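Working through the structure, step by step
The chain contents come next:
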Amino acid sequence: GENVEQHPSTLSVQEGDSAVIKCTYSDSASNYFPWYKQELGKRPQLIIDIRSNVGEKKDQRIAVTLNKTAKHFSLHITETQPEDSAVYFCAAQNAGNMLTFGGGTRLMVKP
Amino acid sequence: KAGVTQTPRYLIKTRGQQVTLSCSPISGHRSVSWYQQTPGQGLQFLFEYFSETQRNKGNFPGRFSGRQFSNSRSEMNVSTLELGDSALYLCASSLEQEAFFGQGTRLTVV
């Protein structure tokens, strides 16, 4: 089955700096790659996603890139703010509609 | 539009008991997936239901089961509870690919 690895597991940045989280997946048939943000005690919230026919997608301060050949995708957050502090999860969905999550990255933005 | 609703929010059960958790998806969503979230293991996929049929299943023992009703509401059952089943159980509903999570049910087994 699909295996998704996420790095780093923790990331500390200064407010205003950029943050990058990277994920790799194993199933070349996976075609949908969402990112979720989970604040403490809350549900995971979908923040951005990308489909396999697209190489990059941006939404204000966040962007996601996908390299299908290398089977990896990344989340980029620019001009980080304290409210960006949370756990971020990447995921990959295969052709059978099964969503597999990475292990999560705890992002801490220091003011 | 109402979001995904899970009940109850909190549960405390004793080892050996069984438990049933409920998930009401967003109106119109026919797919419901269940996940177990623990601090050390992240989000582990349990199973997915679509139009009352189990479409996908994760690597959990047979003590974990589920079902979906004709109105797309789903239930998850865990029998013969073990201490290691203590976790946050999340369900997510989707129309096509975007999945939206409920707030979860926190299960504590003592």
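That block above? That's the structure.
Described below are features of the structure shown in this document.

A few words on the overall build of chain B. In terms of helices and strands, chain B carries zero helices and 11 strands. Going from N to C terminus, chain B has its helices and strands arranged as β-β-β-β-β-β-β-β-β-β-β. Relative to its length of 110 residues, chain B is compact, with a C-alpha radius of gyration of 13 Å against a globular reference of 13 Å. Overall size of chain B, expressed as C-alpha extent along the three principal axes, is 35 × 25 × 25 Å. In chain B, which comprises 110 residues, the share counted as buried stands at 50%. The contacts in chain B between residues at least 6 apart in sequence include a share of 52% that link residues at least 24 apart. Each charge class in chain B can be summarised by its mean position, and for the 11 positive and 7 negative side chains these summaries are 6 Å apart.

Attention now moves to the overall build of chain A. The number of helices and strands found in chain A is zero helices and 11 strands. When its helices and strands are written in sequence order, chain A yields β-β-β-β-β-β-β-β-β-β-β. Relative to the globule expectation of 13 Å for 111 residues, the C-alpha radius of gyration of chain A, 13 Å, shows essentially globular dimensions. Dimensions of chain A, computed from the C-alpha atoms along their principal axes, are close to 40 × 25 × 20 Å. Looking at the 111 residues of chain A, the share that counts as buried comes to 46%. Taking the contacts inside chain A whose residues are at least 6 apart along the sequence as the reference set, 52% of them involve residues at least 24 apart. Summed over its atoms, the accessible surface of chain A is roughly 5,500 Å², and 47% of this surface lies on carbon and sulfur atoms. Chain A carries 12 positive and 12 negative side-chain charges, and their two centres are separated by 3 Å.

This paragraph deals with the interface of chain B and chain A. Listed per partner, the contact involves 19 residues of chain B and 16 residues of chain A. Contact between chain B and chain A buries roughly 1,600 Å² in total, counting both sides, with carbon and sulfur atoms accounting for 50%. In this assembly, chain B and chain A are joined by one salt bridge. With its nearest N and O atoms 3.3 Å apart, the salt bridge here joins Glu 98 of chain B to Arg 51 of chain A. Elements that contribute at least two residues to the side of chain B that touches chain A include exactly strand 4 (31-38), strand 5 (42-50), strand 6 (53-57), strand 9 (87-94) and strand 10 (99-101) of chain B. Classifying every residue of the side of chain B that touches chain A by side-chain character gives eight nonpolar, six polar and five charged.

All right, on to the pairing of strand 4 (residues 32-38) of chain A then. Residues and elements named next belong to chain A. Of all the seven residues making up strand 4, seven are buried; the element is thus mostly covered by neighbouring parts of the structure. In this structure, strand 4 lies alongside strand 5 (residues 45-51), joined through six bridges in antiparallel fashion. Pairing of Phe 33 across the sheet is with Ile 50, part of strand 5. Adjacent in sequence and paired antiparallel, strand 4 and strand 5 are bridged by six residues, among which Gly 41 carries a positive phi angle near 75 degrees. Pairing geometry for strand 4 and strand 9 (residues 86-93), over five bridges, is antiparallel. The partner of Trp 35 across the bridge, within strand 9, is Cys 90.

With that settled, the discussion passes to the sheet that holds strand 8 (residues 74-78) of chain B. All names here are of chain B. Taken together, the four strands give an open sheet; going across it, the order is 1-3-8-7, and neighbouring strands pair in antiparallel fashion. In this open sheet, the two edge strands, each paired with only one partner strand, are strand 1 (5-7) and strand 7 (64-68). Strand-to-strand twist across the sheet, computed as the mean angle between neighbouring axes with direction ignored, equals 20 degrees. Pairing between strand 7 and strand 8: five bridges, direction antiparallel. Note that in strand 8 the partner of Ser 65 across the bridge is Asn 77.

Before going further, it helps to examine the packing of aromatic side chains. Applying the stated criterion to the full structure yields 13 aromatic pairs over all chains. Three or more aromatic residues link up through ring pairs in this structure, and these residues are Tyr 36, Phe 89 and Phe 101 of chain A together with Tyr 35, Phe 45 and Phe 101 of chain B. In this structure, Arg 55 of chain B packs its charged tip against the face of Phe 50 of chain B, placed 4.3 Å from the ring centre.

Calculation rules
Residues numbered from 1 in each chain as written. Chains lettered and ligands numbered in written order. Predicted model: local features only at pLDDT ≥ 70, side-chain atom pairs only at ≥ 80, totals over all residues. Heavy atoms only, no water. Helix = DSSP H or I, 4+ residues; strand = E, 2+ residues; numbered from the N terminus. Rg over C-alpha atoms; globule rule 2.2 N^0.38 Å. Buried < 20%, exposed > 50% of the residue type's maximum accessible area, 1.4 Å probe, protein only. Contact = heavy atoms within 4.5 Å. Lys, Arg positive; Asp, Glu negative; His and termini not counted. Charge placed at Lys NZ, Arg CZ, Asp CG, Glu CD. Areas by Shrake-Rupley, 256 points an atom, 1.4 Å probe, with all protein chains shown as cover. Buried area = accessible area lost by both parts, 1.4 Å probe. Salt bridge = Lys/Arg side-chain N within 4 Å of Asp/Glu carboxyl O. Nonpolar A, V, L, I, M, F, W, Y, C, P; charged D, E, K, R; others polar. Pairing = 2+ DSSP bridges. Axes fitted to C-alpha atoms, helices over the stretch in contact; angles between N-to-C directions. Phe/Tyr/Trp six-rings, centres within 6.5 Å; stacked < 30°, edge-to-face > 60°. Lys NZ or Arg CZ within 6 Å of the ring centre and 35° of its normal.

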